[in-house]
Amino acid sequence: MRNTVTLEKPGDREDAIDRVPSDELVDWLRDMILIRRFEEAGEELSLRGQIPGGIHPAIGQEAVAVGMIRALRKDDIVTSTHRSHHHALAKGLEPNLVMAELYGKDSGVAKGRGGSMHLADFDKGLWGSNGIVGGGLGIAMGSALGAVQLGLPRVSVGFFGDGGANVGRVWEFVNLATVWKLPLIAVCENNLYAVETRSASVTGGNTIAERATGFGLPSEQVDGQDVVAVFNAADRVVSAAREGSGAHFLELLTYRYKGHNAGEVVTYRTEDELNEWRTSKDPIERFTSYLTQKGVLTSALLNTIDNEVARVVADAITFAEDSECSAPSTAADNVSAWNTVNGSTR
Ligand SMILES: Cc1ncc(C[n+]2csc(CCOP(=O)(O)OP(=O)(O)O)c2C)c(N)n1
Ligand SMILES: [Mg+2]
């Protein structure tokens, strides 16, 4: 691993994980297993042609979403990327409505207009997944600026990938968020690849986290396969940002087990590399062991969770398949331009 830039940790503060009740920790594991099973089902449905358009599974990246988002309050804001289902489910969007959106059905979170890359639920604080690499961070920055202007105590988290970290606009957002001391957490979800490109082959400097320090931002690189480490880091920066310390940067090291999109034939990495991540760093396995050692999880409880999650995913598929597509006559609804389809001039 390359050099790490660590954020100063207040000496008198216990790790945030120690304050989380046991039943909540079990909920985190349930969320992580739900994300994995939802994504596995989504990939299979996509390959069978049930889901139109592409999807980008986040299998392997569950701890990033759950660890970050569990450190937030419900009214804190998240913006996501093209790889977004894990963020959406961790932010509390209903699996039925997310699955229906992937199917392009009227009952989906965006009425089937957006699909996988345009999940949004303003009531739940998800201000959109985003097909424009690095674009979501700008929306999170706008949300953080809005919070300051309106005097709202909310914090905004903008996710982007290692590919996004090589896009100029990301650093424009980071710069302004620093200068304006916005309550923004910029989170680079570094899964080592951008489509077929190995991040290390196109990324200068020691770490992505270190780049942020050049803008004067507190910045930290964290093991993104350890939900406890992600949560502890997230809690530190979210609390600090909420108290007015300004923007923060986290680089979370993670790995996607599947191709860039469902069905991609992966030719650009070795089986050994994949197996190493799957066997020795799997976030669900690691958290399962952690909870078992803590005496919080038994194999019977894990079995119950597995069965519950299987039911939730099966119900989501049934819900999506039974839902209707939007009526063609509504195709131009919510289009913010003169509506010439049905003759209205607004
Ligand atoms: C501005 C822009 N450029 C290029 C693309 C095509 N594209 C889609 S995903 C992607 C790779 C993104 O990699 P990364 O940011 O590491 O996210 P990951 O897919 O690994 O989650 C690219 C280049 C795009 N969607 N938007
Ligand atoms: Mg990537």
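How each quantity is defined
- Residues numbered from 1 in each chain as written.
- Chains lettered and ligands numbered in written order.
- Predicted model: local features only at pLDDT ≥ 70, side-chain atom pairs only at ≥ 80, totals over all residues.
- Heavy atoms only, no water.
- Core = buried A, V, L, I, M, F, W, Y, C linked by side-chain atoms within 4.5 Å.
- Buried < 20%, exposed > 50% of the residue type's maximum accessible area, 1.4 Å probe, protein only.
- Helix = DSSP H or I, 4+ residues; strand = E, 2+ residues; numbered from the N terminus.
- Contact = heavy atoms within 4.5 Å.
- Donors = N, O, S within 2.8 Å, 3.2 Å for Na, K, Ca; no water.
- Near = heavy atom within 4 Å.
- Polar contact = N/O pair within 3.5 Å; in protein donor to acceptor, adjacent residues only side chain to side chain.
- Areas by Shrake-Rupley, 256 points an atom, 1.4 Å probe, with all protein chains shown as cover.
- Pairing = 2+ DSSP bridges.
- Axes fitted to C-alpha atoms, helices over the stretch in contact; angles between N-to-C directions.
- Salt bridge = Lys/Arg side-chain N within 4 Å of Asp/Glu carboxyl O.
- Phe/Tyr/Trp six-rings, centres within 6.5 Å; stacked < 30°, edge-to-face > 60°.

Draft legend 1. Just the nonpolar core, in detail. Formed by 65 residues in total, the largest nonpolar core has its most connected members in W28, M68, M99, I185 and F287. Examining the composition of this core, we find that 11 residues originate from one element, helix α1 (residues 22–47), more than from any other. Non-local contacts of I185, meaning those with residues more than four positions away in its chain, are made with M68, V155, S156, V157, G158, V237, V238, A241, H248 and L250. The next biggest cluster of nonpolar side chains, apart from the first, holds 20 residues, and it includes L137, M141, C188 and F249.

Draft legend 2. Broad picture of the coordination of the magnesium ion (ligand 2). Within the protein, the atoms that donate to the magnesium ion (ligand 2) are D162 (OD), N191 (OD1) and Y193 (O), at distances of 2.1 to 2.2 Å. In the primary structure, the donors to the magnesium ion (ligand 2) are separated according to the pattern D-x28-N-x1-Y. Placement of D162 in the loop between β2 (156–161) and α6 (168–179) and of N191 in the loop between β3 (184–190) and β4 (193–194) is noted, with a sequence separation of 29 residues between them. Look at N191 and you get buried, because its relative accessible area is 5%.

Draft legend 3. Fine view of the site of ligand 1. In the vicinity of ligand 1 lie 14 residues, with H82, R83, G131, G163 and N191 positioned nearest. A distance of 2.8 Å separates an oxygen atom of ligand 1 from a polar atom in the side chain of N191. When isolated, ligand 1 has an accessible area of 580 Å², and the protein chains bury 70% of it.

Draft legend 4. Structural detail: the sheet that holds β3. Pairing is parallel in the open sheet, where five strands are placed in the order β1-β2-β3-β7-β6. On the outer flanks of this sheet lie β1 (77–79) and β6 (219–223), each paired with one strand and no other. Going across the sheet, the axis of each strand differs from the next one's by a mean of 20°, ignoring polarity. Here β1 runs beside β2; their pairing, made up of three bridges, is parallel. For V78, the partnering residue across the bridge sits in β2 and is V157. Where helix α2 (residues 62–69) meets the sheet, it contacts β1, β2, β3 and β7 (248–253), and its direction lies at approximately 165° from that of β2.

Draft legend 5. View of the pattern of salt bridges. Taken as a whole, this structure holds 16 salt bridges when the rule is applied. Here R36 and E62 are joined by a salt bridge, their closest N and O atoms 2.7 Å apart. With R36 in helix α1 and E62 in helix α2, this residue pair connects regions lying 26 residues apart in the sequence. Accessibility classification places R36 together with E62 in one group, the buried group.

Draft legend 6. Inspection of the packing of aromatic side chains at higher detail. In this structure the tally under the stated criterion is 10 aromatic pairs. Pairing F122 with W127 gives two aromatic rings, centres 6.4 Å apart and planes at 80°, and the pair type is edge-to-face. With relative accessibility at 63%, the residue F122 sits in the exposed group. Here Y193 and Y255 contribute two aromatic rings whose centre-to-centre distance is 6.3 Å and whose plane-to-plane angle is 80°, an arrangement assigned as edge-to-face.

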